[in-house]
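Structural features, examined
Read off the chains here:
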Amino acid sequence: MESMDKMNHGNVLTHGLRHVLHLSCKDPVCHMTCGQGAAGFTSLHSSGNVQFYYPDGHLRDPSFCRSHTIHYAGLTSTHLPGRLVGWGPGAILTVLDAELNPLVHAVEPMDVRVCKILEYSNELVTAGMGNVCVWCLTHLICRKRVVEGLGRHVVFTHLALVPSRTPQGRRALAAYGRAVVVLDLTKGCIMEHKKNLHLREITGMAYCPLREIVVTASDMTIRVWGLDWELQIAFVGHTALVTSLVLCPVSGLLFSSSLDGTLRCWRPEVGDQVQTVSIPNGCSPPLLMGGPDSAGTFFSYSTNSVDFWTFNCLYNLHCRLDTFLGGPIRQILTPPSLPSFQACVVCIHGNSDVTVVAAETGAVLTRFHANGRVRCADYCVPKERLLVLTEDGVVSIASTLTSPVTILDEWHGIEHWDWSGGKVEAIIGMVCCMVLYTDVTDTQSGQEEWISLQRQRAQKPKKYKLLPDAKNRFLVILGHCGGCVSVLNMLSGKVQFRTSAHNNQNIISMQAHPNSGYLLTAGEDKALLVWRVFPCAQQCLSLHFSMLCDLPPILLALMGTQLTLALQDPENDTYSLVQYSLENQSRSDQQPNEEHHNKITGLCACYQLSVFASSSQDGTVRIWDMENRLLRILEVNAEPECLAYCEGGDLLLGITGDLYRIPHTQLLPPDCRTQKCDPDSELPKSWTPIMSQKCRTESCHVAKKDGSETLDRKKDSDFGALMARHKDLESLLKGEVECRRRKPATMQTKQEAFNNYMRLIYRPPPKIRIELDEVPLLCTEEEEKKGREDADIHLTAIIETPSTKKTPLPPRPAAKKLREKICPPPKTLPPIKCPTPPLTPPSVSAPPSPPLAPPSPPKQLTSLTPPPSSSYMPEFLLQFVDEQWFQKMFPDLSCISTSLGPKEFCMLLLDFMMSCSMAQKNKIVNALLMLIQQEVLDKISLSKGLLVCLENCIHKTMSREEQLFVGELLNLMVHLSPDSFNTIVELLAMLADKQVDLKALVLCVLQRLGVEEAELWLCPELESWNSLTKHQPNQHCILRDMASHWLLTWTRKYRVHKGSVFLRSEGVQSMCTPVEVLIYFCSMQRSKQPRPLPPPPEGRKDTVIVPSDLDRLKPIQRLGETYSMSRIREPQGRLLPPLPYRPELMGFTRFLSLPMAFVTLSPFPFSLDFQNFKRPSPHRYFFLEHSYVEYYR
C-alpha cells in the first residue's frame, strides 16, 4: 500500500538520508575529508593522487589543483580557507595550502594515526601509538602531550572530541582495541580508562553533545553509553561489520555504515531504527562515512567508488521538553490571540505536566505540575491564565507570569454547583472535558491590560478575583459524564448556563471556535453536535446542527463551514477522514489508497493555507485540501504523537516527548501556492444550517429529533429576534457596519458620469480613419492612443535634477506625424532653478505662487522591436521588460504571477529600490512616474512607501549622487501629495539637520510650494534644534519628532487665527494645510519685526509721531462676543487632562487675563440707586491677545 501511495502521489517528502551522486574511482580511496579548508570534499587515493569535489559532491576541474603525488596517510580539512593538514604514516604532520604545497612542519612530531580539528579554536588533536597531542594549527607547536599511562601497545584508531561549550569542557575520547580513554585536553592528563566495552575491536565511535552520550560500534552491534559509562541502549540491525558512525548535527540522528551494503539511521533517545538506505546496485559496501560538523552533504566511500548523501530535514527541533516532562506529548494547543499579544503554545503531557512555550522562539515560558493526571488544558492569553482539568474533575486556574505557575484558584465539585436557571434533565456527573471560549471585542482595553500584566512578570501575583468585563467575555465550557454541558464565567466563577446533550451519555471531546462563533461536542452516542455561542446572552448556547456517525468521532477540525472528522476502527483496520460542508450539507470521502494505515494521532486546520493536516502512527503526516483531496505526504520516520498549526502557518509536531516544527514551505507541493493571507479575511461568515433529509449518508446522517426543548427553541420567534439582535450588536462592536453615506465625488467619477450622460444623448462619433500615404503606420491603435496621451502630458520639474535634464526619446515616426496632424503638442516649460532669497525682509508680502506643477515625465520605454508577448505577465509590466532593473528583479519571467497588481508591484519595486545601484534607482523613479501618469497606482500607499524610502536614504555622509536622488524623491512626493503632513515634517527635519547638507534643496522645494520667506524666518527658528540633538545617536529621528510637534503647535495657532478671521468675514471656512501654516508662521515672524518710524513732516522738527500699533488703539471685545462659546461641552464626570494640546478646547479663548485692579462679575441687573450711578462702572472688557486660560477643568 505504501508503494502504491508513492506511485499515485509524486509529492512525497521523506525525512532522512537521500542519495545525491555516485562517482566511480579507478584508484582505491584510502581517506576522505571535508570542510572549509578544502572548499568542499577531498579524497586521497592509494596511488597518492588527490581529487577535489564541490560542496554539492560534483567533481572539480583537474585544473583546480595541479596534479602531483603526495605521500600522506590522510588529509584533514581545517576551518581556515585553503588550509589542510597532511599526516602520517608515522611521525609526519604538515600544514598544506590549497595546492597541497607544504607550509609548516610540526616540531618534534609523534606517531599520527587519526587527526581531528578542535571546534571553535585554532587547535587540532592527533592520536597515534601511545600518544595524544594538542597542536597549534598555525605554527604546529605542541601545546599538550599525553604519554604517561599509555604504552606502545596502545594504538588509537578512532577519535571523538567533546565541544568546549559543554559542561565537561575540552575533552577527547580515543579508542583502541576494545577500550576508550577519556582525556582532559586543558590539563593534558588521562581522566578515565574504560576497557572491555565490546567483545571485539571498536570500529566506530561518536559523541552526541545534545544527549551527552558516547556511541561505539563493534562487529554488528552499536552501543550507547551514558556519562557514567552505563549501557543505555544497544542497536541491533546490521548483518555485517559496522564500519563507521556519524552524528547528524541537524536532526540529532545517528548514521551508521556497514559491510552489508546499507546505511542506517538511528534515534539514540528512543533506541529505534528510523531509516535504512541501500547502496546503489553493483557498488562495493561502504568502508567509511563522514560529513561536516554543520548541515550539509555527507560522503561515503568504498574501494572503487564515492557516494554523496544529503539529509532532507522536514522538521527541526522547536523546544526540548523531556528535561521538564517525562513521556510523550498528548496534546498541543495554539490558543487564539491578537497580533499584539505574544503567541504561545501549550503542550499537555500525559503524566500530570503542562508546559507553555513561546510560538516564535520555542523558549519555555512556564510549566505546571498537577497532583493527578491531566485530562485537558487551555490558555487565556489576555488574562495570562492557565486552566487545567485533572482526572478527579478539579479545574485549576494558575497565573503564567511566574515559572513555575502560581495557583490562583481551584474549582472542586463543579457538578454540585447550583444554577439559577433551574434543573437539567441530564445527569450531571464529573467533569470530563473542558474548553475556553474567548470573545474579545474591545481589543484596546484587552491590550492595555495585557501590557500591564507583562510589567508584573516574574513577580508573585496576588490572589484576587478579576473584575467583570462588559465587552470581553471569557467562558469556561465544561462537558460532564452524563451528557451535560456547563458554561462558567471565568472572571466570576459562577455557572452561567447548563443544558443536556448526547442522550445522557458521556462527552468525549470538545472544541471552541470563537472566530466563527461555534462549539463542537462529540459523545459516546456517536453524535456530533454543533452549537452556536452567544457570549453576552444568559442562554449562551443554542443547538444548531447534529450528526450521527457509525463510529465515534475521535478527532475534530473546523475551518469556516468545513468540518473534518477522524473515524477509526482498529478491529476492521479502518482509519479515515470525512469532510462535511455544514453550509450545503454535502460530504467528501477519501480515496481508499489515500487513507492512513495506523491509528490517527492528530488532526488540525490551518486558516492561512486553507488545508487540513493529519498525523498517524504509520509515521506520516498528510495534508488535505478543502475537498478532502490528498496534497502531500510527509514521511517523518517517527511516530508523531500529536500536531497543531501555529499562527504563522507552520506545523508543530510532538515526537518522542519533544516539540518539532515543520515550516509552511514544506507543507504544500510546488503547484499549490503557499500564500499567507490575513487571518481576519479568512474568517467564516455566520450560517444557519437547514435540517433536511437529503443529508443522510452511508455512515453519518442528520438527526431529525433532538428533544422537544430544542425544537421549541427553534420555533420560538422571540429566540429568533434575540439571535438577530445579538448579530447586530456583535457587528457593531466589531466595527463591521459600514456607513451608507455616499462617497464624495472626484474628478474621475465626475468625468465618467459626464461621458455616460453624453453617450445617452448623442450617438457615438463616426470612425474617421486618416490615411498616411507617405509613412505607413507601424503601431497598433492602443500604441497610438498611448502615444497621443504621452504627447499631451508635459510636466515641469520642481527641482532641477539629472533626470529632468534628459530629454525623452522621440516617438516612432509614424505615430509622431499622426499626432502632429491631429493635435500639436504644447510647449514644455523649462525647469525651475533654486532661487536666492533676499537678505533683508521684504516689506510687502509676495503674491501667492501658481499651482504646483508635477515633475517631468521619464523617457518613454520605446524600442524598435516590440516586447515579447507573454500570456502570464500583466499588461502594465510589458513596458518595463527591457529594463535592467526589471530583469534583475525577475530573472525568470515565468515566476511572475498573473494576479500581480499595480499596488503589489509598487511595493516590490520600492523594496528593490533600497538595495539597487544609484543609476537603477533613478530609472525606478521614472518608472513610478510613468505608472502614476497611467493612473494605475494608489497615490496614498505610494506616498507612504516613498516616505519610508526617503527616511532610509538620508544619512550624514551623503554623496552628490545620493543628494540628487533625494531631490528626485522629493520631486515625486510633492507631486503626489503637496499638502501631506509627513512630507512637510520631513522637509523641516532635513532643514534643521545640518549634517545632511540639504538646506538649498529644501529651500527650493518650499519656495516652489509657496513659502517664499523660508530662509529668513524658518532657518533661525530651526537653528537651535541642531545644537540640542547634536550628540544624540539618532539625531534625524529626534529632529523629525521635534518638527512634527512644532508643526502641530503652529497648526493649532493658525486654526485659532483662522477661526477669528472667519467670525469677522463672510464665507466658508476651509481646511488648513501645512503649507498655509508655514506661510502664517513667516507672516507672524515678519509682523514682530520693528518698523522704522515715518519721517516727520517737513517744516516741524519737534513733532512726536505716535505708533499706530499700540494695544490701546486695538478694538476690544466683550466676553460673550468672541468665539469662546462655540466649544462642545463634555458630559458630566469626565475631566479634561491639563495637556498642552486639547482638541476639545479648539476655538476656545486661548488667554484670559484681567490686568485691571478690580473686576466685578454680576449676573443680576444693577441697582438703579442714584448713588450707584455716581460710582465708576466696573470694567467688563478685555484684550483678546493678552488673555489666557491658566487651567481649565
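Structure's up top.
Everything numeric in this text was worked out from a predicted model, so none of it was measured.

The rules we used
Residues numbered from 1 in each chain as written. Predicted model: local features only at pLDDT ≥ 70, side-chain atom pairs only at ≥ 80, totals over all residues. Heavy atoms only, no water. Helix = DSSP H or I, 4+ residues; strand = E, 2+ residues; numbered from the N terminus. Contact = heavy atoms within 4.5 Å. Core = buried A, V, L, I, M, F, W, Y, C linked by side-chain atoms within 4.5 Å. Buried < 20%, exposed > 50% of the residue type's maximum accessible area, 1.4 Å probe, protein only. Patch = residues over 30% accessible without salt bridge, like charges linked within 9 Å, V, L, I, M, F, W, Y side chains within 5 Å. Areas by Shrake-Rupley, 256 points an atom, 1.4 Å probe, with all protein chains shown as cover. Salt bridge = Lys/Arg side-chain N within 4 Å of Asp/Glu carboxyl O. Axes fitted to C-alpha atoms, helices over the stretch in contact; angles between N-to-C directions. Parallel < 35°, antiparallel > 145°, perpendicular 65-115°, else oblique. Left-handed = near helix turned anticlockwise from the far one by under 90°. Nonpolar A, V, L, I, M, F, W, Y, C, P; charged D, E, K, R; others polar.

Overview of the overall build of the protein
When you go through the protein residue by residue, the secondary structure sums to 20 helices and 59 strands. Taking the intrachain contacts of the protein between residues at least 6 apart in sequence as the baseline, contacts between residues at least 24 apart amount to 55%.

Observations concerning the nonpolar core
W885, F905 and L1018 are the most contacted members of the largest nonpolar core, which has 81 residues in total. The biggest single contributor to this core is helix 11 (residues 918-933), with nine residues. Beyond its immediate stretch of four places on either side in the chain, L1018 contacts L988, L991, L1006, V1011, E1013, W1046, L1078 and F1081. Listed in part, the 42 residues of the second largest apolar core include I397, L491, I507 and A512.

A short note on a nonpolar patch on the surface
The grouping of F754, Y757, L760 and I761 at the surface amounts to a nonpolar patch, some 480 Å² of accessible area in total. For F754, a relative accessible area of 47% puts it in the partly exposed group.

Some details on the packing of helix 15 (residues 999-1009) against helix 16 (residues 1014-1021)
Describing two packed helices takes the angle between their axes plus the distance from one axis to the other. Taken N-terminus to C-terminus, the directions of helix 15 and helix 16 make an angle of 125°; their axes are 11 Å apart at the nearest point. Our classification of the angle between helix 15 and helix 16 gives oblique. Regarding helix 15 and helix 16, the two cross each other, and that crossing is right-handed. In contact with K999, L1003 and L1006 of helix 15, helix 16 contributes A1014, E1015, L1018 and C1019. Tallied by class, the residues present in the contact of helix 15 with helix 16 amount to five nonpolar, no polar and two charged.

Quick notes on the environment of L929
Mapping L929 onto the fold places it in helix 11. Residue class for L929 comes out buried when judged on its relative accessible area of 4%. Remark: the alpha-carbon pair of L929 and L976, spanning 47 residues in sequence, is separated by 9.7 Å.

With respect to the pattern of salt bridges
Between side chains of opposite charge, pairing is possible as soon as their charged atoms come close. Scanning all chains against the criterion turns up 16 salt bridges. Salt-bridge contacts for E123 lead to R170; the nearest nitrogen and oxygen are separated by 2.8 Å. Taken as a pair, E123 in strand 11 (residues 123-128) and R170 in the loop between strand 14 (158-162) and strand 15 (171-176) lie far apart in primary sequence, 47 residues in all. According to the relative accessible area criterion, E123 is buried, its value standing at 7%. In this structure, the salt-bridge partner of R200 is D219, at a minimum N-O distance of 3.5 Å. Of this pair, R200 sits in the loop between strand 17 (189-194) and strand 18 (204-208) while D219 is found in the loop between strand 19 (213-218) and strand 20 (221-225), placing the two residues 19 residues apart along the sequence. Using a relative accessible area of 54% as the deciding quantity, one classes R200 as exposed. On the basis of relative accessibility, which here comes to 26%, the residue D219 falls in the partly exposed class.

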